[in-house]
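# Results of the structural survey
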Amino acid sequence: MNEVSPAVLCVRDLHGWYGDSHVLHSVSFDVRPGQLVTLLGRNGAGKSTTLKAMMGLLDKRRGSILFRGKETIAAQANQIARQGLAYCPEDRGIFATLSVEENLRLPPKLREGGMGIDAIYRLFPNLKDRCKSGGTKLSGGEQQMLAIARILRTGADTLLLDEPTEGLAPVIVKQIGAVIRELKTLGYTILLVEQNIKFAAKVADQHYVLENGRVVEHIPHAAKADEVRAIANYLHA
Amino acid sequence: MHNILDTLYNLPIDAFMGQLMLGLINGAFYAMLSLGLALIFGMLNIVNFVHGAQYMLGAMMAWILLQTLGINYWASLLLAPLIVGAFGLLLERFVLRRVYALDPAYGLLLTFGIALLLEGSFRQKLGSSGQPYAIPAELRGGWDLGFMYMPTYRAWVLVASITICFAVWYVFERTRLGSYLRAATEKPQLVRAFGIDVSKMINLTYGLGVALAAVAGVLAAPIYQVSPLMGSNIIIVVFAVVVIGGLGSMSGAIVSGFLVGFVEGLTKVFYPAASSTVVFVLMACVLLVKPAGLFGRRA
């Protein structure tokens, strides 16, 4: 890991609210270029909320989120997306009234360098066969593939992925793991929210552990098996 | 049953067809209006109670343009929707936008209040009786089809409304712009997170829905009287049409618009006394069998 390279995402003292309830209390972390960083934690720890806050989808947020050195804390969701940050939500966000292909083509191209439709179909061959089906007619695994696939077209190089393995069969989890590793070799910077520590440990460079809307632990070298085991024990305690 | 058959046998065919044609013409207006309502409800989640008044504004604008500036029907067909649509854009931007976060009842009451204001001010100025609007010279007369007499203007309204409905449906269901609209109807927040300015889309959708009501108003001006209350008479039926078609469904709004017009026409032939209630009976029946409406995706 190169400690001196500037962070793509630099989150400092991030607070977030759903309506009146204060759910994020000072979250801080960094994501460096080309790295895959995970946010771990139990249900309700604030992982998904952190991604939503970064995307500008919370009712209210405060603190600082630098994306490529630019402050985005006051920006609207659509402006943040246009700077090259892409978001794949926990519920996958597949549109029922759109076909698979329409879902795929929905996010507008934001910059050059996005994957072409052909390259996407090579990475996700299932989607090509089903391109005329309704988006939500796909299986859970295929919907997850679609949710990842459609943000690759936009040219965004920094991805926020919210629990891409949730509720999926082990064989599909394996496929998604392969896709995520492939994305890493292609140079994408990825912030991954995960509960599946085994999955996370295989793909991540660093972990941050959240609890009650705060970062409680940072594991800078995700490869250290004993630390990962400790986290696994903590999460399942 | 005996009575109905009697009526049918004794009815001259051209009177029967004439009633059906009247029903279809009404249906054309129901379809255009419920289409705009469905579009607006889908994007804004607001039941646009001012829709009838906006339809009235379209007709009224055509009448005013003619009276004050001598602007003819064809120019009004373009100008009136633009003016009324622009009013819609401002209304959404500065008024409606404030109630999205609140309970839907606020949107309903707000738009209902605006409808009362609009209708009240025109009634104050012009009285509640209607003003005639002449059929444009090119569309006067009609054809004798053998089984019925077909006034040219009514044929024009039918063709124009079907074309407009089909165009709106096509854009919504089959184009890229339409896929944005459908997506924003389903999950506006996520569409924002893809870099799309949903607020602007909502604004334009409202403007389009209002312009659609105004086009219907201009088309209606030579058929019905141009009166301040013409919208409030039709809008209740149109709401029933939207419910029958399925809230938020474009094709449902169009099909059930024509269907309701057709059924009303039939009822006028067989049992005229029920012709203004039949739509609500139809609504109740549809809701009993399909609570989400004929084309509704989910209850």
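See the structure shown above.
Quick notes on the rules
- Residues numbered from 1 in each chain as written.
- Chains lettered and ligands numbered in written order.
- Predicted model: local features only at pLDDT ≥ 70, side-chain atom pairs only at ≥ 80, totals over all residues.
- Heavy atoms only, no water.
- Helix = DSSP H or I, 4+ residues; strand = E, 2+ residues; numbered from the N terminus.
- Rg over C-alpha atoms; globule rule 2.2 N^0.38 Å.
- Buried < 20%, exposed > 50% of the residue type's maximum accessible area, 1.4 Å probe, protein only.
- Contact = heavy atoms within 4.5 Å.
- Areas by Shrake-Rupley, 256 points an atom, 1.4 Å probe, with all protein chains shown as cover.
- 1 Å grid on protein atoms, 1.4 Å probe; cavity = no way out; pocket = protein on both sides within 12 Å on 5 of 7 lines; lining within 4 Å.
- Points joined across faces, edges and corners; volume = space filled by probe spheres on them.
- Nonpolar A, V, L, I, M, F, W, Y, C, P; charged D, E, K, R; others polar.
- Patch = residues over 30% accessible without salt bridge, like charges linked within 9 Å, V, L, I, M, F, W, Y side chains within 5 Å.
- Salt bridge = Lys/Arg side-chain N within 4 Å of Asp/Glu carboxyl O.
- Buried area = accessible area lost by both parts, 1.4 Å probe.
- Polar contact = N/O pair within 3.5 Å; in protein donor to acceptor, adjacent residues only side chain to side chain.
- Phe/Tyr/Trp six-rings, centres within 6.5 Å; stacked < 30°, edge-to-face > 60°.
- Pairing = 2+ DSSP bridges.
- Axes fitted to C-alpha atoms, helices over the stretch in contact; angles between N-to-C directions.

Glancing now at the overall build of chain B. When its secondary structure is counted, chain B shows twelve helices and two strands. Ordered by position from the N terminus, the helices and strands of chain B form the series α-α-α-α-α-β-β-α-α-α-α-α-α-α. Taken over C-alpha atoms, the radius of gyration comes to 20 Å for chain B, in line with the 19 Å a tight globule of 299 residues would show. If you line up chain B on its principal axes, its C-alpha atoms span 65 × 50 × 35 Å. Relative to its full complement of 299 residues, chain B shows a buried share of 51%. Here the analysis covers contacts within chain B between residues at least 6 apart in sequence; of these, 77% occur between residues at least 24 apart. Of the accessible surface of chain B, which amounts to about 13700 Å², a share of 69% is contributed by carbon and sulfur atoms.

Let's shift gears to empty space enclosed by the protein. Empty space among the atoms becomes apparent when a probe as large as a water molecule is rolled across them. Here the structure, examined in full by the defined rule, presents one cavity of 30 Å³ or more. Each residue belonging to the lining of the largest cavity can be placed in one class, and the counts come to eight nonpolar, one polar and no charged.

Turning next to a nonpolar patch on the surface. On the surface, I13(B), W143(B), L145(B) and F147(B) cluster together into a nonpolar patch covering about 400 Å² of accessible area. Taking relative accessible area as the criterion, L145(B) reaches 40% and is therefore assigned partly exposed.

So, about the interface of chain B and chain A. Interface extent is often summarised as the accessible area lost during association of the parts. Taken together, the contacts link 18 residues of chain B with 23 residues of chain A. Together chain B and chain A conceal approximately 1800 Å² of surface at their shared face, both sides included; 61% is due to carbon and sulfur atoms. Considering only the surface of chain B that becomes buried against chain A, E186(B), A193(B) and F194(B) emerge as the three largest contributors, covering 32% of it. Applying the counting criterion to the chain B and chain A interface returns one salt bridge. Across the pair E102(A) and R182(B) runs a salt bridge, and its minimum N-O distance is 2.9 Å. Run the count over chain B and chain A and you get eight residue pairs in polar contact (both at pLDDT 80 or more). For the side of chain B that touches chain A, the elements supplying multiple residues, two or more each, are α7 (176-186) and α8 (188-193) of chain B. At six residues, the largest contribution of residues to the side of chain B that touches chain A is made by α7(B). Partitioned by chemical class, the residues of the side of chain B that touches chain A number seven nonpolar, three polar and eight charged.

A separate point is the packing of aromatic side chains. All names here are of chain B. For the structure on display, the rule yields twelve aromatic pairs over all chains. On the basis of an interplanar angle of 55 degrees and a centroid distance of 6.3 Å, the ring pair of F16 and F270 is categorised as tilted. In this pair, F16 sits in helix α2 (residues 13-44) while F270 sits in helix α11 (residues 250-270), placing the two residues 254 residues apart along the sequence. Its relative accessible area of 24% is what places F270 among the partly exposed residues. Arranged with centres 5.9 Å apart and planes meeting at 70 degrees, the rings of Y73 and Y153 form a pair that is edge-to-face. Taken together, the residues Y73 in helix α4 (residues 73-94) and Y153 in helix α6 (residues 152-174) connect sequence positions 80 residues apart. On the basis of relative accessibility, which here comes to 3%, the residue Y73 falls in the buried class. What links up through ring pairs into an aromatic cluster is the set Y73, W74, Y133, Y153 and W156.

Moving on: the layout of surface pockets. All names here are of chain B. Looking at the second largest pocket, its volume works out to about 400 Å³. Taken together, 20 residues form the lining of the second largest pocket, with M43, L44, Y100, A101 and I202 sitting closest to its centre. For the lining of the second largest pocket, the secondary-structure elements that each account for two or more residues are α2, α5 (104-126), α7, α8 and α9 (198-220). Its residues assigned to classes, the lining of the second largest pocket shows eleven nonpolar, five polar and four charged.

Residue and element names in this part refer to chain A. Taken together, four strands build an open sheet; the order of strands is β2-β1-β4-β5 and the sheet is antiparallel. What marks the edges here is a single partner per strand, and that holds for β2 (21-31) and β5 (70-71). The sheet contact formed by strand β1 (residues 9-18) and β2 spans seven bridges and is antiparallel. Paired with V11 across the two strands is F29, which belongs to β2. Along the sheet face, helix α1 (residues 47-55) touches β1, β2 and β4 (60-67) and points at about 80 degrees away from the line of β2.

This part is about the side chain of D30(A). Residue and element names in this part refer to chain A. The residue D30 is located in strand β2 in this model. Residue classification places D30 among the buried residues on the basis of a relative accessible area of 16%. A polar contact is formed between the side chain of D30 and the side chain of R12, at a distance of 3.0 Å. If we ignore the near neighbours within four places in the chain, the residues touching D30 are A7, L9, C10, V11, R12, V37 and Y208.

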